[in-house]
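Descriptive structure summary
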Amino acid sequence: LAAFRKKTARRLRWKAFMVFTNQVISQLDELRPTNVAELGEIKGLGEKRVDRFGAEILDIIRRASETPEE
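Quick look at the structure, then. (Residues numbered from 1 in each chain as written. Predicted model: local features only at pLDDT ≥ 70, side-chain atom pairs only at ≥ 80, totals over all residues. Heavy atoms only, no water.)

Scanning the chain from N- to C-terminus turns up five helices and zero strands. Computed over C-alpha atoms, the radius of gyration of the chain comes to 12 Å, within 12% of the 11 Å expected from 2.2 N^0.38 for 70 residues, which places it in the range of a compact globule. Overall, the chain is about 35 × 25 × 20 Å in size when its C-alpha atoms are taken along their principal axes. Across the 70 residues in the chain, those meeting the buried criterion constitute 30%. Taking the contacts inside the chain whose residues are at least 6 apart along the sequence as the reference set, 44% of them involve residues at least 24 apart. Approximately 5,200 Å² of the chain is accessible, and the part contributed by carbon and sulfur atoms is 50%. Of the charged side chains in the chain, 14 are positive and 11 negative; the average position of the first set lies 13 Å away from that of the second. (Helix = DSSP H or I, 4+ residues; strand = E, 2+ residues; numbered from the N terminus. Rg over C-alpha atoms; globule rule 2.2 N^0.38 Å. Buried < 20%, exposed > 50% of the residue type's maximum accessible area, 1.4 Å probe, protein only. Contact = heavy atoms within 4.5 Å. Areas by Shrake-Rupley, 256 points an atom, 1.4 Å probe, with all protein chains shown as cover. Lys, Arg positive; Asp, Glu negative; His and termini not counted. Charge placed at Lys NZ, Arg CZ, Asp CG, Glu CD.)

Closest axis-to-axis distance for the helix α1 (residues 2-12)/helix α5 (residues 47-66) pair is 12 Å, and the angle between their directions is 150 degrees. When the interaxial angle is binned, α1 and α5 end up roughly antiparallel. Crossing hand, α1 versus α5: right-handed. Listed contacts from α5 to Phe4, Thr8 and Leu12 of α1 are Arg52, Phe53, Glu56, Ile57 and Ile60. Considered class by class, the residues forming the contact of α1 with α5 number five nonpolar, one polar and two charged. (Axes fitted to C-alpha atoms, helices over the stretch in contact; angles between N-to-C directions. Parallel < 35°, antiparallel > 145°, perpendicular 65-115°, else oblique. Left-handed = near helix turned anticlockwise from the far one by under 90°. Nonpolar A, V, L, I, M, F, W, Y, C, P; charged D, E, K, R; others polar.)

Take the environment of Gln27 next. Structurally, Gln27 is set in helix α3 (residues 22-31). In the structure, Gln27 is positioned 15 residues away from Ile42 in sequence and 6.8 Å away in space, judged by C-alpha atoms. The residues touching Gln27, leaving out its near neighbours within four places in the chain, are Arg32, Ile42 and Lys43.

Attention shifts here to the packing of aromatic side chains. The description of an aromatic ring pair rests on the distance of the ring centres and on the angle between the ring planes. The full count for this structure, using the stated rule, is three aromatic pairs. When the ring of Phe4 is compared with that of Phe20, the centres are 6.2 Å apart and the planes differ by 20 degrees; the resulting orientation is stacked. One end of the pair, Phe4, is in helix α1; the other, Phe20, is in the loop between α2 (16-19) and α3, and 16 residues separate them in sequence. There is no split in this pair, since Phe4 and Phe20 are both buried. Measuring from ring centre to ring centre gives 6.1 Å for Phe4 and Phe53, while their planes differ by 80 degrees; the resulting arrangement is edge-to-face. Here Phe53 lies in helix α5 and Phe4 lies in helix α1, a separation of 49 residues in the sequence. We classify Phe53 as buried; its relative accessible area is 2%. One aromatic cluster is present, built from ring pairs that chain together Phe4, Trp14, Phe20 and Phe53. (Phe/Tyr/Trp six-rings, centres within 6.5 Å; stacked < 30°, edge-to-face > 60°.)

Structure follows, in structure tokens:
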């Protein structure tokens, strides 16, 4: 998620926190939403960010959940 944020910020010429904050990353990691409705419940991810980045965020979380932890 941090790498996605950095890459996206660079592409959009934004500051990384403008994509989403460290606090949002922590919530995403803890709650591991599986759909857009659950993403919308993350404090700091507004409707526009969910619309713009939601599919990619969910894909990252899904892939991370499939990878066995060491």
